[in-house]
Amino acid sequence: MQEIEEKSSRSELRAIVREQLRLLLEDRNWEGVKTLLLPVQPVDIAEAIDGLPKAMQLTAFRLLSKAEAVEVYEHLSTDIQQSLIEEFRDSELLEIVNSMAPDDRAGLFDELPPRLVRRVLAQLSPEERKATSQLLGYQAGTAGRLMTPEYIALRYNLTIKEASDRIRQLARDREVSYYVYVVDEQRRLMGVASLRDVLLADLDQFLGDIINPDVVFAQTDTDQEEVARSIQRYDLVALPVVDRDHTLVGVVTVDDAIDILQKEATEDIYIMGAVRSEGESYFQSNLATITRKRIPWLFILLITNALTILVMSNFEAVLDEVVALAFFTPLLIDAGGNVGAQSSTVVIRGLSTEELKYKKPLWVIIRESMTGGLLGILLGVVVIGMVFVFLGQIEIGLTVGISLLCITIIAATAGAGLPFLFHSFGLDPALMSSPFITTIVDILGIWIYLSTAKLLLGL
């Protein structure tokens, strides 16, 4: 409870800062703005600037100190970063981009239009331009594109005293200074040591004697989601990245891993809702783009419903004879759709997190089918009782109950099986499964329901 209250108070405090910042800017009280933001964390300042009217954002940003401005800029949303760059003077642009970490700068370039990238590159120092170009040379979405070259790497044959002196020289300019990566003469990764290991070792020991040679690493072409999972799995603060010759070229930090996991989870949720953002924030997309992304799947569902109507038309005599059957059609379709969505969600998530990597697909499908059957029995008993109580017709209740059992089994089986099928073909199960599950449940569900009614009611 105390933690919830603390989170609530922090949220309220951020809201107060945003409102006070807006009022101070309206009054042109520049000293008041500086005083207000002095104790505020950079990420909270970025959030406050995000919430300002566009005309005030640049003014608020220019009131920050140089060191603070760099940190705040890295936390701003992409559209505001872009709008600020367009307004920056060359001197401001130079201060910001030269002070950014190479991996953050490369990530920014991925989001900016080419004309702005060219302008920013022209402002970089030769050293920073080389570091950024190296990262941009790797494929997007890989460890090479995500890594930072700002780490500490030392030769294995240094003594602890020599290593300690070298660490003191390098640590101020390195993003990752809590691990010491140990390499040979060709910069091939040999192992890793923590600062604690270095501090506790004897001064006359060699660095190579205290390293952990069983180091977890990634290749430059390793997918970023796999990199994030490795950091999560092994509880790492940073993960070294090597090239094909096992030469150490960079490290990926835990904060980047968290961003990746959040991005991938958001992308999967968008895809399952058929509103894929394709690297762009959904809420920053214009209406035409949103409509274009949604309309294909809605057309598919429209065709599916047309097929459902076609199936129902073949049972027109049955519906004319017992009109009450039509009342339960939405119940059956919705129940089947919900069960199918539940099964597909757990399977897609399991495939995404590799939780199902060592599970046999048939075992998972059978398990979900049995779950669907149990759900169908429970729901069927309730429905049969409700129909009997309110309509007094046990035959209709049995029809609905048996149909519900069959539909939930089919929905659970399709929901579990289709993601595995699409995954085996190299297709995105999150994108493909939903419309196909809807098609199967709608068409087969209606056909089973009306066929069962025809058989049990003798129509």
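Bear in mind that the values here come from a model prediction, so they are computed numbers and not experimental data.

A. Up close: the overall build of the chain. Along the chain, the regular secondary structure elements total 22 helices and six strands. Computed over C-alpha atoms, the radius of gyration of the chain comes to 30 Å, more than 25% over the 23 Å expected from 2.2 N^0.38 for 459 residues, which places it beyond the range of a compact globule. C-alpha atoms of the chain, sized along the principal axes, occupy 90 × 60 × 50 Å. A burial count over the chain gives 44% of its 459 residues as buried. For the chain, restricting intrachain contacts to residue pairs at least 6 apart in sequence, the fraction spanning at least 24 positions comes to 66%. Distance between charge centroids for the chain: 4 Å, based on 41 positive and 63 negative side chains.

B. Local environment of the packing of helix H19 (residues 329-352) against helix H20 (residues 361-391). Axis separation between H19 and H20 bottoms out at 11 Å; the angle between their running directions is 150°. It follows from the interaxial angle that H19 and H20 lie roughly antiparallel. Considering how the two elements wind past one another, H19 and H20 form a crossing that is right-handed. Contacts from Leu 331, Val 339, Gln 342, Ser 343, Val 346 and Val 347 in H19 reach Val 364, Glu 368, Leu 375 and Val 383 in H20. The class makeup of the residues in the contact of H19 with H20 is seven nonpolar, two polar and one charged.

C. Fine view of the UniProt feature "domain: CBS" (unreviewed entry) in the chain. The sites that carry the UniProt feature "domain: CBS" (unreviewed entry) are, in the present numbering, residues 147-210 and 211-267. Its end C-alpha atoms 39 Å apart, residues 211-267 is made of 42% helix and 23% strand.

D. Expanded view of the UniProt feature "transmembrane region" (unreviewed entry) in the chain. The sites that UniProt annotates as "transmembrane region" (unreviewed entry) are residues 295-315, 370-391, 398-422 and 434-457. For residues 295-315, helix accounts for 90% and strand for 0%, while the C-alpha atoms at its two ends are 31 Å apart. Helix makes up 96% of residues 434-457 and strand 0%, and the two end C-alpha atoms of the span are 34 Å apart.

E. Structural view of the side chain of Arg 229. Following the sequence through the fold, Arg 229 ends up in helix H15 (residues 224-233). You can call Arg 229 buried: its relative accessible area is 18%.

F. Representation of the pattern of salt bridges. One pass over the full model with this rule turns up 13 salt bridges. The residue Glu 26 makes a salt bridge to Arg 22 at a minimum N-O spacing of 2.6 Å. Of this pair, Glu 26 and Arg 22 both sit in helix H1 (residues 2-26), four residues apart, roughly one helical turn. Note on Glu 26: relative accessible area 43%, which makes it partly exposed. What emerges from the salt-bridge pattern is a single network uniting Glu 19, Arg 22 and Glu 26.

G. Quick peek at unusual backbone geometry. Its identity is not glycine, yet Arg 28 carries a phi of approximately 60°, on the positive side. Looking at the secondary structure, you find Arg 28 in the loop between H1 and helix H2 (30-37). Unlike most non-glycine residues, Asp 235 shows phi in positive territory, near 55°. By the element assignment, Asp 235 lies in the loop between H15 and strand S5 (238-242). According to the relative accessible area criterion, Asp 235 is exposed, its value standing at 66%.

Cut-off values and rules
- Residues numbered from 1 in each chain as written.
- Predicted model: local features only at pLDDT ≥ 70, side-chain atom pairs only at ≥ 80, totals over all residues.
- Heavy atoms only, no water.
- Helix = DSSP H or I, 4+ residues; strand = E, 2+ residues; numbered from the N terminus.
- Rg over C-alpha atoms; globule rule 2.2 N^0.38 Å.
- Buried < 20%, exposed > 50% of the residue type's maximum accessible area, 1.4 Å probe, protein only.
- Contact = heavy atoms within 4.5 Å.
- Lys, Arg positive; Asp, Glu negative; His and termini not counted.
- Charge placed at Lys NZ, Arg CZ, Asp CG, Glu CD.
- Axes fitted to C-alpha atoms, helices over the stretch in contact; angles between N-to-C directions.
- Parallel < 35°, antiparallel > 145°, perpendicular 65-115°, else oblique.
- Left-handed = near helix turned anticlockwise from the far one by under 90°.
- Nonpolar A, V, L, I, M, F, W, Y, C, P; charged D, E, K, R; others polar.
- UniProt positions renumbered as here; feature names shortened; annotations may be inferred.
- Salt bridge = Lys/Arg side-chain N within 4 Å of Asp/Glu carboxyl O.

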